Amino acid sequence: AQSVAQPEDQVNVAEGNPLTVKCTYSVSGNPYLFWYVQYPNRGLQFLLKYITGDNLVKGSYGFEAEFNKSQTSFHLKKPSALVSDSALYFCAVRPTGKLIFGQGTTLQVKP
Amino acid sequence: DVKVTQSSRYLVKRTGEKVFLECVQDMDHENMFWYRQDPGLGLRLIYFSYDVKMKEKGDIPEGYSVSREKKERFSLILESASTNQTSMYLCASSDLPAFTYNSPLHFGNGTRLTVT
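These remarks concern the structure in this document.

## Focus: the overall build of chain A
Step number 1: Counting its secondary structure elements, chain A contains zero helices and 12 strands.
Step number 2: Relative to the globule expectation of 13 Å for 111 residues, the C-alpha radius of gyration of chain A, 13 Å, shows essentially globular dimensions.
Step number 3: Its C-alpha atoms put chain A at 40 × 30 × 20 Å along the principal axes.
Step number 4: In chain A, buried positions account for 46% of the 111 residues.
Step number 5: Taken as a whole, chain A presents about 5200 Å² of accessible surface, with 48% of it coming from carbon and sulfur.
Step number 6: Of the charged side chains in chain A, 10 are positive and 7 negative; the average position of the first set lies 8 Å away from that of the second.

Structure follows, in structure tokens:
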């Protein structure tokens, strides 16, 4: 079965430190890859996507993601975390028509 | 900016009631989607629509139906609400043909439904 895994339910980071939110996937073919963020009491917002080309993708709010085909991973990164980055992050994969979401990772950035 | 508006932020209904969740988008998008979000399960697709009067089942359509009479409006219907349908419901839209796989989704703020 096709799936997306976010192995950490929660990631804790101090403000100013780099952050990584992990995502691995198991799908056939060459899927499109996405990251979304959900702030409290809000819907999801699109952060970035990987379609093809450069393995490092830059997105909104200073986030970037690194695609690794051999490890089937698409980790979200930011060089310097902000308290305002605290939110729920979803990785999503689109092998065909339907988007498959991971279960989400809560990012907590402490001052 | 794309705006996807869900008519209710919070909703409390009784078991057996017929429930309507409304969603409107203002960007003339062809595709609209209904997801439910549950802790630890991520988002699961209930139904989607790629054109007026067209609908396709998602991964968990049982107990739900949808209606799309106008391009901008996509309604989710719980025919007879049950307690296991207590959840956060998210509507989304996208602006490219349904099988252009690289288009991001634009989400509404969600409706938190409680069925008692």
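## A look at the packing of aromatic side chains
Step number 1: Scanning the model with the defined rule gives 15 aromatic pairs over all chains in all.
Step number 2: Seen in terms of ring centroids, Tyr36(A) and Phe101(A) are 5.9 Å apart; in terms of plane orientation they differ by 50°. Their pairing is tilted. With a gap of 65 residues between them, Tyr36(A) in strand β5 (residues 32-38) and Phe101(A) in strand β11 (residues 100-101) connect regions that are remote in the sequence.
Step number 3: Each residue in the set Phe34(A), Tyr36(A), Phe46(A), Phe90(A), Phe101(A), Phe33(B), Tyr35(B), Phe48(B) and Phe107(B) is aromatic and connected to the rest through ring pairs, giving one cluster.
Step number 4: Above the ring of Phe63(A), the side-chain terminus of Lys78(A) is found at 5.0 Å from the ring centroid.
Step number 5: It is Arg9(B) that lies over the ring of Tyr10(B); its NZ or CZ is 5.5 Å from the centre.

## Focus: the interface of chain B and chain A
Step number 1: The partner chain A presents 22 residues to the 25 residues of chain B that form the contact.
Step number 2: Between chain B and chain A, the buried area comes to about 1800 Å², and carbon and sulfur atoms account for 55% of it.
Step number 3: The tally of links from chain B across to chain A stands at zero salt bridges.
Step number 4: Of all the elements in the fold, those that place two or more residues in the side of chain B that touches chain A are β5 (31-38) and β6 (42-49) of chain B.
Step number 5: For the side of chain B that touches chain A, the element with the highest residue contribution is β6(B), accounting for four residues.
Step number 6: Looking at the side of chain B that touches chain A residue by residue, the class counts come to 14 nonpolar, nine polar and two charged.

## Focus on the state of the cysteines
All names here are of chain A.
Step number 1: Following the criterion strictly, the structure yields two disulfides over all chains and no others.
Step number 2: Note that Cys 23 is cross-linked by a disulfide to Cys 91, the S-S spacing being 2.0 Å. As the torsion about the S-S bond is roughly -60°, the Cys 23-Cys 91 disulfide counts as left-handed. Placement of the pair is Cys 23 in the loop between β3 (19-21) and β4 (24-26) and Cys 91 in strand β10 (residues 87-94), with a sequence separation of 68 residues.

## Things to note about unusual backbone geometry
Residues and elements named next belong to chain A.
Step number 1: The backbone phi angle of Asn 41 is positive, close to 60°, even though this residue is not glycine.
Step number 2: Relative to the elements of secondary structure, Asn 41 occurs in the loop between β5 and β6 (44-50).
Step number 3: Taking the relative accessible area as the measure of exposure, Asn 41 reaches 53% and is therefore exposed.
Step number 4: Non-glycine residue Tyr 61 carries a positive phi angle of around 60°.
Step number 5: Tracing the chain through its elements places Tyr 61 in the loop between β7 (56-58) and β8 (64-68).
Step number 6: Under the relative-accessibility criterion, Tyr 61 is labelled partly exposed at 48%.

What counts and how
Residues numbered from 1 in each chain as written. Chains lettered and ligands numbered in written order. Predicted model: local features only at pLDDT ≥ 70, side-chain atom pairs only at ≥ 80, totals over all residues. Heavy atoms only, no water. Helix = DSSP H or I, 4+ residues; strand = E, 2+ residues; numbered from the N terminus. Rg over C-alpha atoms; globule rule 2.2 N^0.38 Å. Buried < 20%, exposed > 50% of the residue type's maximum accessible area, 1.4 Å probe, protein only. Areas by Shrake-Rupley, 256 points an atom, 1.4 Å probe, with all protein chains shown as cover. Lys, Arg positive; Asp, Glu negative; His and termini not counted. Charge placed at Lys NZ, Arg CZ, Asp CG, Glu CD. Phe/Tyr/Trp six-rings, centres within 6.5 Å; stacked < 30°, edge-to-face > 60°. Lys NZ or Arg CZ within 6 Å of the ring centre and 35° of its normal. Contact = heavy atoms within 4.5 Å. Buried area = accessible area lost by both parts, 1.4 Å probe. Salt bridge = Lys/Arg side-chain N within 4 Å of Asp/Glu carboxyl O. Nonpolar A, V, L, I, M, F, W, Y, C, P; charged D, E, K, R; others polar. Disulfide = S-S within 2.5 Å.

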